[in-house]
Amino acid sequence: MHVNKVSHVTTIDRIAAQLGESVDFLHDVANEMEPEDGVIWVYGLGDLEILAFTDFGVENLVELIKIHKEMKSPQER
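How each quantity is defined
- Residues numbered from 1 in each chain as written.
- Predicted model: local features only at pLDDT ≥ 70, side-chain atom pairs only at ≥ 80, totals over all residues.
- Heavy atoms only, no water.
- Helix = DSSP H or I, 4+ residues; strand = E, 2+ residues; numbered from the N terminus.
- Buried < 20%, exposed > 50% of the residue type's maximum accessible area, 1.4 Å probe, protein only.
- Contact = heavy atoms within 4.5 Å.
- Core = buried A, V, L, I, M, F, W, Y, C linked by side-chain atoms within 4.5 Å.
- Salt bridge = Lys/Arg side-chain N within 4 Å of Asp/Glu carboxyl O.
- Patch = residues over 30% accessible without salt bridge, like charges linked within 9 Å, V, L, I, M, F, W, Y side chains within 5 Å.
- Areas by Shrake-Rupley, 256 points an atom, 1.4 Å probe, with all protein chains shown as cover.
- Pairing = 2+ DSSP bridges.

Asks: Account for the side chain of Thr 54, with residues named and values stated.
Replies: With respect to the helices and strands, Thr 54 occurs in the loop between β3 (49–53) and α3 (55–71). By relative accessible area, which is 13% here, Thr 54 ends up buried. Excluding residues within four positions of it along the chain, Thr 54 makes contact with Val 6, His 8, Val 9 and Gly 38.

Shown next as structure tokens:
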């Protein structure tokens, strides 16, 4: 029997606010992530969809943000 050990997720909007990053930038970074990396889509009524992350997903996202920022050319910094 499968036991889900995820008790909560955090929305991309909340993470963006906490990290001081734009939601669009986080969407671009998270585009590289898979569900096993801790990212999921949450579907609401109608067309409402929001990207959310487990605690493990937030850790992975933060690491990817660092990589993206390190890869920026000196002119973009």
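Asks: Describe the nonpolar core, naming the residues involved and giving the relevant values.
Replies: One finds Leu 26, Met 33, Phe 53 and Leu 61 to be the most contacted residues of the largest nonpolar core, which totals 14 residues. Once you skip the residues sitting within four places of it in the chain, Phe 53 turns out to touch Val 9, Thr 10, Ile 12, Ile 15, Ala 30, Met 33, Gly 38, Val 39, Val 58 and Leu 61.

Asks: Residues and numbers for the pattern of salt bridges, please.
Replies: In total, this model carries two salt bridges according to the counting rule given. Close ionic contact of Lys 69 with Glu 21 constitutes a salt bridge, the shortest N to O distance being 2.4 Å. Taken together, the residues span a long stretch of sequence, with Lys 69 in helix α3 and Glu 21 in the loop between α1 (12–19) and α2 (23–30) at a distance of 48 residues. Owing to a relative accessible area of 37%, Lys 69 belongs among the partly exposed residues under this scheme. Between Glu 63 and Lys 66 there is a salt bridge, with its nearest N and O atoms 3.4 Å apart. Note that Glu 63 and Lys 66 are positioned in helix α3 at a spacing of three residues, about one turn of the helix. When its relative accessible area of 43% is taken as the criterion, Glu 63 is described as partly exposed. Given a relative accessible area of 44%, Lys 66 falls into the partly exposed group.

Asks: Just give me the short version of a nonpolar patch on the surface, but keep the residues and values in it.
Replies: Taken together, the side chains of Val 6, Val 9, Ile 40 and Val 42 make up a nonpolar region of the molecular surface, amounting to roughly 260 Å² of accessible area. Position of Val 9 relative to the elements: it lies in the segment before β1 (10–11). The class of Val 9 is partly exposed, set by a relative accessible area of 34%.

Asks: Give a description of the pairing of β3 that names residues and reports values.
Replies: The two faces of the sheet receive side chains in turn, since in a regular strand these alternate between them. As defined by bridge partners, β1 adjoins β3 across two bridges and the pair is classed as antiparallel. Across the sheet, residue Thr 11 finds its bridge partner in β3, namely Ala 52. As paired elements, strand β2 (residues 39–43) and β3 share five bridges and run antiparallel to each other. Residue pairing for β3: Val 42 is matched across the bridge by Ile 50. Counting the residues that bridge the hairpin from β2 to β3 gives five residues, and of these Gly 46 lies at a positive phi of roughly 60°.

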